[in-house]
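Structural description and commentary
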Amino acid sequence: MEGAFYMRILKILTMILMLSGCMRIDEVIDTGNQSSSSKEPEIQEEDTTKKTLVCTSESEETITFDAKGDEITNMAQTFYMTFDSLGITEDMDASQMEQIINDSLSQTYSDIEGVSVSGTVEDNRVKVTVNIDYETADMDVLIEKGLLKEGEMENQYISLKKTQNNYTDNGYACSLD
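1. Considerations on the overall build of the chain
- If you tally the helices and strands in the chain, you get six helices and six strands.
- Going from N to C terminus, the chain has its helices and strands arranged as α-α-β-β-β-α-α-β-β-α-α-β.
- For the chain, the residues scored as buried account for 23% of the 177 residues in total.
- As displayed, the chain has an accessible area near 13,100 Å², and 50% of this comes from carbon and sulfur atoms.

2. Quick notes on the side chain of Ser57
- Looking at the element boundaries, Ser57 is found in the loop between strand E1 (50-56) and strand E2 (62-68).
- Reaching out from Ser57, the side chain makes a polar contact with the side chain of Ser59 at a distance of 3.0 Å.

3. Describing unusual backbone geometry
- In this structure, Glu60 is a non-glycine residue whose phi angle is positive, near 65°.
- Take Glu60: it is sitting in the loop between E1 and E2.
- The class of Glu60 is partly exposed, set by a relative accessible area of 45%.

4. Some details on the nonpolar core
- Counting 28 residues, the largest nonpolar core has Phe65, Ile132, Tyr134 and Leu142 as its most contacted members.
- Listed by contribution, the elements that provide at least two residues to this core are E1, E2, strand E3 (71-81), helix H3 (83-86), helix H4 (94-109), strand E5 (126-133) and helix H6 (160-169).
- Leave out the neighbours within four places in its chain, and Ile132 touches Thr73, Asn74, Met75, Gly114, Val115, Ala137, Leu142 and Leu147.

5. Observations regarding the sheet that holds E2
- Spatially, the six strands line up as an open sheet ordered E4-E5-E3-E2-E1-E6, and their pairing is antiparallel. Of all strands in the sheet, those bounded by a partner on one side alone are strand E4 (115-121) and strand E6 (173-176). Between one strand axis and the next, the sheet turns through 15° on average, direction left out of account.
- Across the sheet, H4 lies against E4 and E5, angled at about 160° from E4, the strand it touches most.

6. A few points about the packing of aromatic side chains
- Applying the stated rule across the entire model yields two aromatic pairs.
- Ring pairs connect the aromatic residues Phe65, Tyr167 and Tyr172, which therefore count as one cluster.
- In this structure, Arg125 is placed above the aromatic ring of Tyr80, and the distance from its NZ or CZ to the ring centre is 3.6 Å.

7. As for the confidence of the model for the chain
- Mean pLDDT over the chain: 77, with 72% of residues reaching 70 or higher.
- Taken as a whole, residues 13-28 scores under 50 in pLDDT and shows six contacts with residues more than four places along the chain or in a different chain.

About the criteria used
Residues numbered from 1 in each chain as written. Predicted model: local features only at pLDDT ≥ 70, side-chain atom pairs only at ≥ 80, totals over all residues. Heavy atoms only, no water. Helix = DSSP H or I, 4+ residues; strand = E, 2+ residues; numbered from the N terminus. Buried < 20%, exposed > 50% of the residue type's maximum accessible area, 1.4 Å probe, protein only. Areas by Shrake-Rupley, 256 points an atom, 1.4 Å probe, with all protein chains shown as cover. Polar contact = N/O pair within 3.5 Å; in protein donor to acceptor, adjacent residues only side chain to side chain. Core = buried A, V, L, I, M, F, W, Y, C linked by side-chain atoms within 4.5 Å. Contact = heavy atoms within 4.5 Å. Pairing = 2+ DSSP bridges. Axes fitted to C-alpha atoms, helices over the stretch in contact; angles between N-to-C directions. Phe/Tyr/Trp six-rings, centres within 6.5 Å; stacked < 30°, edge-to-face > 60°. Lys NZ or Arg CZ within 6 Å of the ring centre and 35° of its normal. pLDDT = per-residue confidence, 0-100.

Structural data, given as structure tokens:
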């Protein structure tokens, strides 16, 4: 019985030695071939090409995205609002109108770093321009304020390609320069 025990141990040790001896022959003997483990890793160059994506809607809204490669760095959005929606009456003069417009916009956006907003009177309506510098803005604050939708966090940036697909799917006409 004792001999059978030693035979089992000997078989197990032999199997362990055989399994641990499995190596590629060119790793043991210099065959002149470079193995894949000794190759230097390929370095992928980051795309830093500057691109501009312009998306427009039927309601005269224009959104311009500036990007380096696939990473959006800046957005400029222009849209129009009616006087009624801002509490402007037609009996006000232009300076009063602009004051109400900019007060209303600054209440909403002034405390957000990386965001600037301006409004001007144009053709009996208000032209609003919102600029977001994504390199200085805090993404969590933009999401909290509703200026950015929370998305997949696989990347630490806003993807130009995904943004273009999203806007196109939502009825915008987009062109990439």
